[in-house]
Each structure stands twice: as C-alpha cells, then as structure tokens.
Amino acid sequence: MARSWLDYKTQAWVQWCPGCGDFGILNSIYRAVSELGIDPENLAVVGGIGCSGRTTYYVKGSNFHALHGRAIPVATGVKLANPHLNVIVAGGDGDLMGIGGGHFVALGRRNLNITVLLFDNAVYGLTKGQAAPTLPAWVKTKALSMPNIHDNINPVLLAFAAGYTFIARGYAYHTQQLKELIKTAVRHRGAALVDILQPCPTYNNIMTNKWYEERIYYVDQEEGYDPIIRTPEEFQKKAPAIAAKLMEFGDRIPLGILYWNQTRESFEERLEKIMPGYMSAPPATRRIELEGKPFLHPFDIFKDRLVTP
Ligand SMILES: Cc1ncc(C[n+]2csc(CCOP(=O)(O)OP(=O)(O)O)c2C)c(N)n1
Ligand code: SF4
C-alpha cells in the first residue's frame, strides 16, 4: 500500500538543536520507509543512547531505545525472533564505534539482515561535545580543552573488515541521496552500514557544513569505480581498489555506495539450512500456549540439569 511519510511521524516533539544534521537523517528515514511501502508494524528502529538514539521516538514502528552501545544486540534479538521485520539501528559514533564497537563487529561476522545508520558527528553530542571515536587526531573542537590525542576509527573500513556486505556513506543535509542510500541498504539482504556524516552545529565547530561541502563528492559521478561484487572471484579482483576507496577521508571524502557484495549468504539463510522452517515459522510467530495453557515447561527442559537436595 502506498504510504505518505506523514504516516511514520509520531506526535513526539523533536528535541534536537536547530540546524542539527539529525533532522536531515530523520527526514530521509521517513521518506525511505514510505517509498519502500513498509508498514509501521513491520518496522523496528532500535536506538542507542545519544541525541541520535532519540530517532526511536520520532518514527512509528515497534521500536526500542536500548542501553548505551547495546542497540545492535537488541536489534539482533528482534531480527532473530522475527526475520520478517525491517530492522534499522540508529546510533551515534560514540555508541556504535566506542562502547558498542564489539557488537558492531559481531554483526558483520553474522551478516544478519539489519541496516545500521551511523549518525557520525565525531563528538558525543548528548553529553556535551567530548571527542568521539571518529574525531581525527589533533583536532580541537570547542568543548575540548586541548586537541584530541587519539587517532580516529574509520567506520567504513572497520565494517569491510568485519564482513558487512553493503557499505555506503551519505551526508545528512543531502536528503535526496541519503534517502536512496537508506532504501538500498534496507532492501539489501545482509548486514548494511550507512555512515552518515552529520554536522553537530552545537559542539563540532570544525567539521561544519562548509568543511564537509569542500570535501565530499559522489563516487558514482566519477568514472571507473565499481563497488559491486557479483561473484566470489570478483571480490579477489576488486578488494584492493575498494579498500583504498574506503580509506579515503581527508581532502576528499567519497559518498555513495562504496561496497556492495551480493554473493555472501545472510545469517537467516544459514539458520534456515540448519533449522529448516525457521523462516516460515520463526520464534515470534510460534504458539506458546493453547487454550490458556503454556506449551513450554521450563523445568521439563532443564530437569536433567537440576540439582535436587
Ligand atoms: C554505560 C553508559 N556510559 C556512558 C553514558 C553517557 N553517555 C550518554 S550518551 C553518550 C555518548 C553519545 O554520543 P554519540 O553516541 O556519538 O551520540 P550523539 O549524541 O552524538 O548522537 C554517553 C557517553 C551512558 N548513558 N551509559
Ligand atoms: S548536541 Fe549536536 S548532535 Fe545533539 S542535537 Fe544538538 S546539534 Fe544535534
């Protein structure tokens, strides 16, 4: 059924600062899910803690605002219980690259069909501007008393190493292109990352809109770069060029689809192999009671392991 983006807007008052890049991301999510025709009841947005995590209150769906860094494990549980839901993770670079970094890697290894939207502003917005893991070394934003002495993590390269099969980068103020990237990421069968460069006008006074606009460009507007892998042999051939593109972040910053591996099986497909019927009768749709009586008796399941006095 065709839907309007307004069908996904909740009544909650949006609490971000004026000019925050999060508005552009929210707008792109509304339009992406409406154009894909996803019913709100088939959508689950799982957020981490941070300004970015508040997205869960603004989009209609079966959403969950998880603990700091724990959006991916919660999303994994939701997806495994009901693989027919469209699951989107909305987290900051502090949330997904810092405290939640191990979970981010685990999702790539599994290649579970989840879309991770990384709200990448290089600072901890909610806690007033400390250096986040994507802030380059020696940059001094206004909340720091001295320049950042840590090197930065490159989320797209980390995702490549971890096994994500769709990796893209968007810009929060380019909502038309970002919407298209989110749509492709959601349609992709496997772990997808969209790294979204998101100006935080309140705390990041270095990586501003002007700073980004001077550096960003779209890979599909340049000749010669093909991010798509259609056969395993193609991976061997193209991986060096893809890795080089993923490492590019400085005077030039590539946007668009950076890597798209269409050959690797998803975690759901592997589960179906070892548990035939998993997709047609996943845990969330199985009966747990009949006529008010539970089928499952936990003590029966564990009785051989119970120690009786
Ligand atoms: C276990 C735990 N540690 C620390 C915090 C404090 N805290 C709240 S949000 C946040 C970081 C937010 O930054 P980011 O994930 O980049 O999101 P943003 O606010 O920039 O969107 C931190 C450290 C917390 N809530 N829980
Ligand atoms: S602190 Fe930064 S990231 Fe958070 S709402 Fe304000 S502008 Fe946006």
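That block above? That's the structure.
Bear in mind that the values here come from a model prediction, so they are computed numbers and not experimental data.

(A) Region of the structure containing the site of ligand 2. Lining the immediate environment of ligand 2, one finds Trp16, Cys17, Cys20, Cys51, Asn121, Gly125, Gln198, Cys200, Pro201, Thr202 and Tyr203. Its residues assigned to classes, the shell around ligand 2 comprises seven nonpolar, four polar and no charged.

(B) Quick peek at a nonpolar patch on the surface. On the surface, Ile288, Leu290, Phe295 and Leu296 cluster together into a nonpolar patch covering about 410 Å² of accessible area. For Phe295, the position within the fold is in the loop between β13 (293-294) and α11 (298-302). Overall, Phe295 belongs to the partly exposed group, its relative accessible area being 44%.

(C) A look at the pairing of strand β7 (residues 166-171). Burial analysis of β7 places six of its six residues in the buried class, the great majority of the element. Alternating residues of β7 divide into Phe166, Ala168 and Gly170 and Ile167, Arg169 and Tyr171, and every residue in both groups is buried. As judged from the six bridges shared by β7 and strand β8 (residues 192-197), these two strands associate in the parallel manner. Counted as the bridge partner of Gly170 is Ile196 from β8. Pairing of β7 with strand β11 (residues 253-261) involves four bridges; the strand directions are antiparallel. In the sheet register, Phe166 faces β11, and the bridge partner there is Trp260.

Reading the values: the criteria
Residues numbered from 1 in each chain as written. Chains lettered and ligands numbered in written order. Predicted model: local features only at pLDDT ≥ 70, side-chain atom pairs only at ≥ 80, totals over all residues. Heavy atoms only, no water. Near = heavy atom within 4 Å. Nonpolar A, V, L, I, M, F, W, Y, C, P; charged D, E, K, R; others polar. Patch = residues over 30% accessible without salt bridge, like charges linked within 9 Å, V, L, I, M, F, W, Y side chains within 5 Å. Areas by Shrake-Rupley, 256 points an atom, 1.4 Å probe, with all protein chains shown as cover. Salt bridge = Lys/Arg side-chain N within 4 Å of Asp/Glu carboxyl O. Helix = DSSP H or I, 4+ residues; strand = E, 2+ residues; numbered from the N terminus. Buried < 20%, exposed > 50% of the residue type's maximum accessible area, 1.4 Å probe, protein only. Pairing = 2+ DSSP bridges.

Keep in mind these values describe shape, not function.
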